[in-house]
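One letter stands for each residue in the lines below.
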Amino acid sequence: MTVVAEDGEKLGKVDFHTALGPQELRQEAVTAFARLCSSTGTWVRYATCEKYGNYLKRFLSFLSGLAVPPARVAEITPGIWSQWLLSGTMKEAEGHSVIRRILAKTDALPPDTRAAAEVRSRQRKASKQVEAYTLPEFKLIRSTARRTADRIERRIAAGLTLLARYRAGEFAAGSDESNVGELLDQLALTGDLDRDDDGTLTKPVQRACLKIPGGYASILKMLFPCGLEIGALAALLACEEGWNLSVVDLMDVPDFRPDGGIGDVAIHRAATLKHRRPPGRKHASNSLVDLGDGSAGHALRQVVTITAEARACMQRLGTPTSRLLVGHRAQRLGPDRSAWLIGASKSSIDGWNATLALESPHGGRLDVAAARLRRTHQALFSGPRQNTQRTHEDVYLLRNATVRAESADVIAAGLQGAVDHAATMVKMRLLKASPTPDPEELTELSEQAGMPLERVRELVKGDLDTATGACLDFEHSPFTPAGPCSASFLLCFGCDNGLATSRHLPRIIYLHDALSALRTAVDPQIWSTDWAGHYSRISDLLTSNTTDSERAALRGRLTDRDRALIDQVLDRRLDA
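This one's a predicted model, so the numbers in the text were calculated from it and none came from an experiment.

Asker: Can you lay out the packing of helix H6 (residues 135-167) against helix H7 (residues 176-190) for me, pointing to particular residues and giving the numbers?
Answerer: Between H6 and H7, the shortest axis-to-axis distance is 9 Å and the interhelical angle comes to 105 degrees. It follows from the interaxial angle that H6 and H7 lie roughly perpendicular. Contacts between H6 and H7 involve Gly159, Leu162, Leu163, Tyr166 and Arg167 from the former and Glu177, Ser178, Val180, Gly181, Glu182, Leu184, Asp185, Ala188 and Leu189 from the latter. A class-by-class count of the residues in the contact of H6 with H7 yields 7 nonpolar, 3 polar and 4 charged.

Asker: Tell me about helix H20 (residues 505-519), and please be specific about residues and values.
Answerer: For an α-helix, the turn length of 3.6 residues means that residues three or four places apart are oriented alike. The end-to-end C-alpha distance of H20, which contains 15 residues, comes to 21 Å, matching closely the 21 Å that a straight helix rising 1.5 Å per residue would cover. Among all positions in H20, only Leu505, Pro506, Arg507, Ile508, Ile509, Leu511, His512 and Leu515 are buried. Residues of H20 that are buried sit in contact with strand S10 (429-431), strand S12 (498-501), helix H21 (524-545), helix H22 (548-555) and helix H23 (560-570).

Asker: Explain the pairing of S12 to me, using residue names and the numbers behind them.
Answerer: Taken residue by residue, a regular strand's side chains alternate between the two faces of the sheet. Burial along S12 is two-sided: the face carrying Gly498 and Ala500 and the face carrying Leu499 and Thr501 are both buried. Relative to S12, S10 runs parallel, the two sharing 3 bridges. Looking at the pairing, Arg429 lines up with Leu499 of S12. As defined by bridge partners, strand S11 (residues 470-471) adjoins S12 across 2 bridges and the pair is classed as antiparallel. Among the inter-strand pairings, Ala470 is bridged to a residue of S12, identified as Leu499.

Asker: Before we move on, could you go through the side chain of His512 and cite the residues and values that matter?
Answerer: On the secondary structure map, His512 appears in helix H20. Classification of His512 by relative accessible area gives buried; the value is 17%. Side-chain polar atoms of His512 contact the side chain of Ser539, separated by 2.8 Å. Those residues in contact with His512 that sit more than four places away from it in its chain are Tyr535, Ile538, Ser539 and Leu542.

Cut-offs applied
Position numbers for residues start from 1 in each chain and track the written sequence from start to end. Local features in this predicted model are restricted to residues of pLDDT 70 or higher, and side-chain atom pairs are both shown and tallied only at a pLDDT of 80 or more, whereas totals for entire chains, interfaces and linings draw on every residue. As a rule here, side-chain values cover all heavy atoms of the structure and leave hydrogens and water aside. Working convention: axes come from line fits to C-alpha atoms, limited for helices to the stretch in contact. Angles between N-to-C directions cover 0 to 180 degrees. By the criteria applied, helices consist of DSSP H or I runs no shorter than four residues and strands consist of E runs no shorter than two, each listed in order from the N terminus. Angles below 35 degrees are treated as roughly parallel, those above 145 as roughly antiparallel, those between 65 and 115 as roughly perpendicular, and all remaining angles as oblique. Contact between two residues is taken to exist if any of their heavy atoms lie within 4.5 Å; hydrogens are not considered. Classification used: nonpolar for Ala, Val, Leu, Ile, Met, Phe, Trp, Tyr, Cys and Pro, charged for Asp, Glu, Lys and Arg, polar for all others including Gly. Expected helix span is computed as 1.5 Å times (number of residues minus one). Using a 1.4 Å probe on the protein chains alone, a residue whose accessible area is under 20% of its type maximum counts as buried, one over 50% counts as exposed, and one in between counts as partly exposed. Each pair of strands is called paired provided DSSP finds at least two bridges between the two strands. Think of a polar contact as two N or O atoms within 3.5 Å of one another; within protein, one of them needs to be a possible hydrogen donor and the other a possible acceptor, and neighboring residues in sequence only count if both atoms come from side chains.

What follows is the structure, given as structure tokens:
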């Protein structure tokens, strides 16, 4: 009996042919296991099915060793269940819960046995305490991951350049460059080099590889990342965006927008999938702006570039994939295992970590773990990521030592912030100017805004425009580190650099109307977390500067471009 589990392009089989136990009982249990691993079940990832399948094999093996093995699930008594728990066969507490769920899925488990199993399952496990890195530790890991990505990108770019020159006939026949180019050409077309029937590389290929430091593995790495490097790239994405490993593992190549609609800005929109969420909430997306070195968009662009040739080769071989993290194994694992690595795993990050030997700034070895990277990013740098506000606070903030240590200062700052809230709620200013102001009006606007006259001319011409208004200092944002601002355009309404003129009012009114409609359509908690603050600031700006009749007239001046920009803002397609 074989159970096929499909996880994107990771298609694997959990083989029960060697499992022990009475045939009828084995058939019942494996059938229930297959239902749980189906597309409508709860165990949808191949790695999960493989792990839980091994639990089931151990349980069946235990039953077969009893003096009187049960022939069917209906014959599993509370006594047999207790023997199983006390036998020590299953060291993992998780395994007992898995077996209970499989047996319950058969609908044949006796009620008294089900009750005995439920008693055990209701015992709460101690929650895992995953401590975040300190800020210096996190920065060291992130800088190491960035340097690794830079090195891989340069190496593969050099390999592709050499391949292009070989195909263009630039190298003399028999030269070292020509020999390497020939190997790369074959590798790019077939994903491998010539082999004999026993699977070993042919003698000519072996001789050619000997001329290259690192041999066959180095040839592979001239076009494709290896497994350890996939771990480094996964760690980089966890550092930059706080994604957990399961999200990075299943991530597809993001959509690319070379121009987000307002100037020369490259945006990558990454779709994320979190299986444990209920239907309707599994899928989300994040837009990452490429602002150069050090930005999340730049890191994502690097990962796409590094893995592009692997996807191209799979496409040529008739096994296309849309997955982001794709690499190549240097070691052949047999004819039934693909040479391609698709997705990231804990072992890939562990393997990369083993090559680093990082030392913590506080002393001792510093190990890289995806769970700790996610916890650190969410606790110290961002709000909820693929979870609720309550989970963010209870699991990521309250369990973080750094956050707890700083709580007193945060609370004090919060109280002071509440006092200052009314004065600082709306920071975007409004300058009412005519469409074509004369020199006298420009001078008045300059004095009113406290801006140089030349800066006012830029403002009136639209050179300072953003999606929602205008920005007086794009390079110095209060919301992001030094460099170009990458905050959401909705935050412009709470920024000292934000400024609006009369011609921006139609799109601001359109934004306010859209948010008013959105308020009735989303969950109250989501509204409170994601939209309420923005809505309040925009409302205050409009009510303080316009009347109902003026707003009605301004709606008539709304353009298609205004609508398009605001729609992109609301879709979070312009968020960094």
